[in-house]
Amino acid sequence: MMAKIQAVLFDLDGTLIDTAPDFIRIIKDLCVKDGHSVPSDAAIREQVSAGARAMVRLIFDGKFDNVSDDDPELLAYREAFLAAYEADICVDSRVFSGLDDLLQSLERQGVPWGIVTNKPRHLAVNLLQKLQLSERCGVLVCPDDVTHTKPDPEPMYLACQKLGVSAKACIYVGDHHRDIEAGKAAGMTTAVAKFGYLSADDLANIDNWGADAIVETPIELNDWVLAQVMA
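Attention in this report is confined to the structure presented alongside it. (Residues numbered from 1 in each chain as written. Predicted model: local features only at pLDDT ≥ 70, side-chain atom pairs only at ≥ 80, totals over all residues. Heavy atoms only, no water.)

## Some words on the sheet that holds strand S5 (residues 140–141)
Definition in use: In short, DSSP must find at least two bridges between two strands for them to pair. Each helix corresponds to a stretch of at least 4 residues labelled H or I by DSSP, and each strand to a stretch of at least 2 residues labelled E; elements are numbered beginning at the N terminus. Contacts between residues were defined by any pair of non-hydrogen atoms, one from each residue, lying within 4.5 Å. A fitted line through C-alpha atoms serves as each axis, taken over the contacting stretch for helices, and the angle formed by two N-to-C directions is quoted from 0 to 180°.
Strand order across the open sheet formed by six strands is S5-S4-S1-S6-S7-S8, with parallel pairing between neighbours. The open sheet has two free edges, formed respectively by S5 and strand S8 (213–215), since each of these has just one partner strand. Here four bridges tie strand S1 (residues 7–10) to strand S6 (residues 170–174), and the two strands are oriented parallel to one another. Following the sheet pairing, alanine 7 is matched in S6 by cysteine 170. Across the sheet, helix H10 (residues 218–230) is in contact with S1, S6, strand S7 (189–193) and S8; its angle to S8 comes to roughly 145°.

And the structure:
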């Protein structure tokens, strides 16, 4: 029997917050400025949850495809890209339509919600402040806070520790296979936000991720989470 749900945790980009519009705008501006070919909106959207390195690789259209994640040139461009993003972080980013209703429902029921993300802390804090979510968010765990990031379960356990709840009493919602892998490894109930930033390969393999639920829309996520909380 599943433990009574005591907290709900979300991935950030592509799950709770639709940040793709700002990334699309910034990446297109950088490509035009530096003379690179401009990727499609869909191509950019698919890479957001994969992180800044993936987006830099997209900008440079093959230049960094065969280099390691710690390649100095790739890391230098990553820092420059993140600086451009930080300077203009929340022009078009919004909570996915319908999910603020979910957050409010959880708050009314006294069920804390929080975020476990691979987004650097200074960017996550900045974004949450601009969206007026900082005071409402019960816990924020970022790569800066842990030794091992998702898909390792360490960030999940830290979030539970900070909330004072068992991992088995938590739901974790994400839009990337590493989110589900981390949540499952921690013993959480997991859900895939299919409305997030999934690639064609993700969609082809999503049934194999082993999530407890695959939700098509934010409204469906709202209904599913509240059903688990009330069970």
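## Describing the pattern of salt bridges
Which entries qualify depends on this criterion: By convention in these notes, a salt bridge is any Lys or Arg side-chain nitrogen within 4 Å of a carboxyl oxygen on Asp or Glu.
What the rule picks out here adds up to 15 salt bridges. Measuring nitrogen to oxygen at the nearest pair gives 2.7 Å for the salt bridge that ties aspartate 22 to arginine 25. Remark: arginine 25 and aspartate 22 occur in helix H1 (residues 20–34); sequence separation between them is three residues, near one turn of the helix. A salt bridge links aspartate 92 to arginine 25; the shortest N-O distance between them is 3.7 Å. On the criterion of sequence distance, the pair formed by aspartate 92 in the loop between helix H4 (72–87) and strand S3 (94–95) and arginine 25 in helix H1 is long-range, its members being 67 residues apart. Residues participating in the shared-partner salt-bridge network are Asp22, Arg25, Asp88 and Asp92.

## Regarding H4
Applicable threshold: Given the number of residues in a helix, its expected span is that number minus one, multiplied by 1.5 Å. When a residue's accessible area, from a 1.4 Å probe over protein chains only, is under 20% of the maximum for its type it is buried; when over 50% it is exposed; and in between it is partly exposed. Relevant arc is that of directions from the helix axis to the C-beta atoms, nothing else. As used in this structure description, the phrase polar contact means that two N or O atoms lie within 3.5 Å; if the pair is within protein, one of them must be able to donate a hydrogen and the other to accept it, and residues adjacent in sequence are counted only when both atoms belong to side chains.
Compared with an ideal rise of 1.5 Å per residue, which puts 16 residues at 22 Å, H4 spans 23 Å between its outermost C-alpha atoms and is within 8% of the ideal. Those residues of H4 lying buried are Leu74, Arg78, Phe81, Leu82 and Tyr85. Within H4, the buried residues cover an arc of 100° as seen down the axis, which keeps them to one side. H4 presents Pro72 and Ala87 as exposed residues on the side facing more than 90 degrees away from its buried surface. Packed against the buried residues of H4 are H1, helix H3 (52–59) and helix H6 (121–130). N-capping of H4 is provided by aspartate 71, with a side-chain oxygen placed 3.1 Å from the backbone N of glutamate 73.

## Observations concerning the packing of aromatic side chains
Going by this rule: Here the aromatic set is Phe, Tyr and Trp, taking the six-membered ring for Trp, and pairing holds for ring centres within 6.5 Å; pairs whose planes are under 30 degrees apart are stacked, those over 60 apart are edge-to-face, and all others are tilted.
According to the stated counting rule, one finds seven aromatic pairs in the structure shown. Ring geometry for phenylalanine 60 and tyrosine 77: centres 4.4 Å apart, planes at 55°, overall tilted. Note that phenylalanine 60 is positioned in the loop between H3 and H4 and tyrosine 77 in helix H4, a separation of 17 residues in sequence. The buried category is assigned to phenylalanine 60, whose relative accessible area is 15%. Summarising the aromatic geometry, the rings of phenylalanine 96 and phenylalanine 195 are spaced 5.0 Å apart at their centres and angled 65° between planes, so their arrangement reads as edge-to-face. On the criterion of sequence distance, the pair formed by phenylalanine 96 in the loop between S3 and helix H5 (99–108) and phenylalanine 195 in the loop between S7 and helix H9 (200–205) is long-range, its members being 99 residues apart. Among the aromatic residues, those joined into a cluster by ring pairs are Phe23, Phe81 and Tyr85.

## Notes on the pairing of S6
The condition that has to hold: The definition of a right-handed crossover adopted here requires that, viewed with the strands pointing away, the path from the first strand over the helix to the second runs clockwise.
Across the five residues of S6, five count as buried, placing the element largely inside the fold. Burial of S6 is two-sided: the residues Cys170, Tyr172 and Gly174 facing one way and the residues Ile171 and Val173 facing the other way are all buried. By the bridge criterion, four bridges tie S6 to S7 in an arrangement that is parallel. In the sheet register, tyrosine 172 faces S7, and the bridge partner there is threonine 190. In terms of handedness, the path from S6 via helix H8 (residues 177–186) over to S7 forms a crossover that is right-handed.

## A closer look at the packing of H5 against H10
Quick note on the threshold: Comment on the angle field: the value is read as roughly parallel under 35 degrees, roughly antiparallel over 145, roughly perpendicular from 65 to 115, and oblique elsewhere. Here a crossing is taken to be left-handed if its near helix is turned anticlockwise relative to the far helix by less than a right angle, and right-handed if that turn runs clockwise. Amino acid classes used here: Ala, Val, Leu, Ile, Met, Phe, Trp, Tyr, Cys and Pro are nonpolar; Asp, Glu, Lys and Arg are charged; the rest, including Gly, are polar.
As a packed pair, H5 and H10 sit with axes 8 Å apart at the nearest point and diverge in direction by 15°. Between H5 and H10, the angle is such that the two are roughly parallel. Classified by chirality, the crossing of H10 by H5 is right-handed. Here Leu99, Asp101, Leu102, Ser105 and Leu106 of H5 lie close against H10, whose contacting residues are Pro218, Leu221, Asn222, Val225, Leu226 and Val229. Across the contact of H5 with H10, the residue classes tally to eight nonpolar, two polar and one charged.

Take it as geometry only, folks, not as evidence of what the structure does.
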